[in-house]
Amino acid sequence: MNCYCGQPKLYQDCCQPCHTGSGPAQSAEQLMRSRFSAYVLQLVPYIAETYYPAVQSADAIAEIAAFAGNAHFLALQVVASGGTPGVDPGQFPALPSAFDLAATIGLSAAQPPLSYVHFKVWFFIADKLHVLEEHSRFIRLDGQWRYIDGVLLPHPVMKTGRNDLCPCGSGKKFKACNPHWLNHQPAPARPPL
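This one's a predicted model, so the numbers in the text were calculated from it and none came from an experiment.

1. Here we look at the environment of Val40
Link 1 in the chain: Turning to its location among the elements, Val40 is positioned in helix 2 (residues 28-41).
Link 2 in the chain: Judged by its relative accessible area of 22%, Val40 is partly exposed.
Link 3 in the chain: Along the chain, Val40 and Leu182 lie 142 residues apart, while their C-alpha atoms are 9.2 Å from each other.
Link 4 in the chain: What Val40 contacts, discounting residues up to four positions off in sequence, is Tyr4, Phe73 and Leu182.

Right, dumping it as structure tokens:
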């Protein structure tokens with residue numbers, strides 16, 4: 001069975017080392033995938049800890065817990081990842097001043113270690129199917145990748161009727177499909193950490 005993030009690896013060989021701290025994410029994409037798996041497993045402290053410190057809010061833990069607890073995640077698709085944003089860089093909120101950023105990361109202001117991931121996530125909240133599409137921005141601090149923020153692309157929320165085929169791809173009617181498939185596989189039980 002694939003990892004929660006959809007990679008063709010077992011969870012213990014993919015996202016679990018990031019979650020337990022035994023193997024930090026080696027790229028922005030790997031961090032993003034591990035954050036998705038953490039949302040699936042409701043590993044709220046891990047998600048909060050992987051934010052860039054300057055953008056963490058006091059309410060982050062409660063907000064993350066509420067979202068992770070209410071959403072049933074279906075699939076993750078990484079559209080693109082790398083050193084370019086994929087959208088106009090001006091769409092991202094301003095980072096701290098170049099001087100502050102350089103002092104924080106210990107590098108010249110001209111070359112901050114930024115990376116971007118464009119992804120889509122499908123999830124249910126109640127009977128409504130949501131698509132979250134984001135161009136995310138990440139920064140590497142002290143050898144650790146951190147999520148900064150993202151530019152969201154709008155998608156309509158779709159109501160799923162009880163007799164409609166479930167969007168998870170199981171082939172069952174929505175009313176009879178529980179738990180829904182995760183990345184087109186039956187959703188596994190939460191593994192022990």
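2. So, unusual backbone geometry
Comment: phi is negative for the bulk of residues other than glycine, and the bulk of peptide bonds are trans.
Link 1 in the chain: Positive phi outside glycine occurs at Ala126, with the angle close to 60°.
Link 2 in the chain: Relative to the helices and strands, Ala126 resides in the loop between strand 2 (114-125) and strand 3 (128-141).
Link 3 in the chain: You can call Ala126 exposed: its relative accessible area is 66%.

3. Digging into the side chain of Ser115
Link 1 in the chain: For Ser115, the location among the structural elements is in strand 2.
Link 2 in the chain: The exposure class of Ser115 is buried, given its relative accessible area of 11%.
Link 3 in the chain: Within the structure, Ser115 has its side chain in polar contact with the backbone oxygen of Gly82 (distance 2.9 Å).
Link 4 in the chain: Here Ser115 is in contact with Ala28, Gly82, Gly83, Ser136, Arg137, Phe138 and Trp145, once residues within four sequence places are set aside.

4. So, the state of the cysteines
Link 1 in the chain: Applying the stated criterion across every chain, the model contains 0 disulfides.
Link 2 in the chain: Summary of cysteine pairing: Cys14 is not part of a disulfide, and the nearest cysteine sulfur, belonging to Cys5, is at 3.7 Å.
Link 3 in the chain: On the accessibility criterion, Cys14 (10% relative accessible area) is buried.
Link 4 in the chain: Here Cys177 is not disulfide-linked; the sulfur of Cys168 is the nearest cysteine sulfur, at 3.6 Å.
Link 5 in the chain: Assessed through its relative accessible area of 2%, Cys177 is described here as buried.

5. Focus: helix 2
Link 1 in the chain: Between its terminal C-alpha atoms helix 2 stretches 20 Å, which fits the 20 Å expected from 14 residues at 1.5 Å a residue.
Link 2 in the chain: Inspection of helix 2 places Ala28, Leu31, Met32, Arg33, Ser34, Arg35, Phe36, Ser37, Ala38, Tyr39 and Leu41 among the buried residues, and these make up the whole buried set.
Link 3 in the chain: Directly after helix 2, the chain includes Gln42, whose backbone phi takes a positive value near 60°.

6. A look at the pattern of salt bridges
Link 1 in the chain: Using the criterion set out here, one finds 4 salt bridges in the structure.
Link 2 in the chain: For Asp127, the salt bridge goes to Lys159, with nearest N and O atoms at 2.2 Å. Highlighted residues: Asp127 in the loop between strand 2 and strand 3 and Lys159 in strand 5 (residues 158-159), separated in sequence by 32 residues.
Link 3 in the chain: One salt-bridge network, held together by shared partners, links Asp127, Lys128 and Lys159.

7. What to know about the packing of aromatic side chains
Link 1 in the chain: Summed over all chains, the structure comprises 11 aromatic pairs.
Link 2 in the chain: With centroids separated by 5.8 Å and ring planes inclined at 45°, the aromatic side chains of Phe73 and Phe123 adopt a geometry described as tilted. Of the two residues, Phe73 is situated in strand 1 (residues 72-82) and Phe123 in strand 2; the sequence distance between them amounts to 50 residues.
Link 3 in the chain: Lying over the aromatic face of Tyr51, Arg35 brings its terminal NZ or CZ to 4.7 Å of the ring centre.

8. Here we look at the nonpolar core
Link 1 in the chain: Ile64, Phe73 and Phe138 are the most contacted members of the largest nonpolar core, which has 36 residues in total.
Link 2 in the chain: Of all the secondary structure elements, the ones that give two or more residues to this core are helix 2, helix 3 (44-49), helix 4 (60-70), strand 1, strand 2 and strand 4 (144-153).
Link 3 in the chain: A total of 7 residues in this core trace back to one element, the largest contributor, which is helix 2.
Link 4 in the chain: By size, the runner-up hydrophobic cluster in this structure holds 7 residues, among which are Leu74, Cys166, Phe174 and Cys177.

9. Description of the pairing of strand 3
Link 1 in the chain: Burial within strand 3 is extensive, with 11 of its 14 residues counted as buried.
Link 2 in the chain: By the bridge criterion, 12 bridges tie strand 2 to strand 3 in an arrangement that is antiparallel. In the strand pairing of strand 3, Val117 is matched with Ser136.
Link 3 in the chain: Hairpin connection between strand 2 and strand 3: a loop of 2 residues separates the two successive antiparallel strands, and Ala126 in this loop has a positive phi of roughly 60°.
Link 4 in the chain: As paired strands, strand 3 and strand 4 are joined by 9 bridges and run antiparallel to one another. Following the sheet pairing, Ser136 is matched in strand 4 by Gly150.

What counts as what
- Residues numbered from 1 in each chain as written.
- Predicted model: local features only at pLDDT ≥ 70, side-chain atom pairs only at ≥ 80, totals over all residues.
- Heavy atoms only, no water.
- Helix = DSSP H or I, 4+ residues; strand = E, 2+ residues; numbered from the N terminus.
- Buried < 20%, exposed > 50% of the residue type's maximum accessible area, 1.4 Å probe, protein only.
- Contact = heavy atoms within 4.5 Å.
- Polar contact = N/O pair within 3.5 Å; in protein donor to acceptor, adjacent residues only side chain to side chain.
- Disulfide = S-S within 2.5 Å.
- Expected span 1.5 Å × (residues − 1).
- Salt bridge = Lys/Arg side-chain N within 4 Å of Asp/Glu carboxyl O.
- Phe/Tyr/Trp six-rings, centres within 6.5 Å; stacked < 30°, edge-to-face > 60°.
- Lys NZ or Arg CZ within 6 Å of the ring centre and 35° of its normal.
- Core = buried A, V, L, I, M, F, W, Y, C linked by side-chain atoms within 4.5 Å.
- Pairing = 2+ DSSP bridges.

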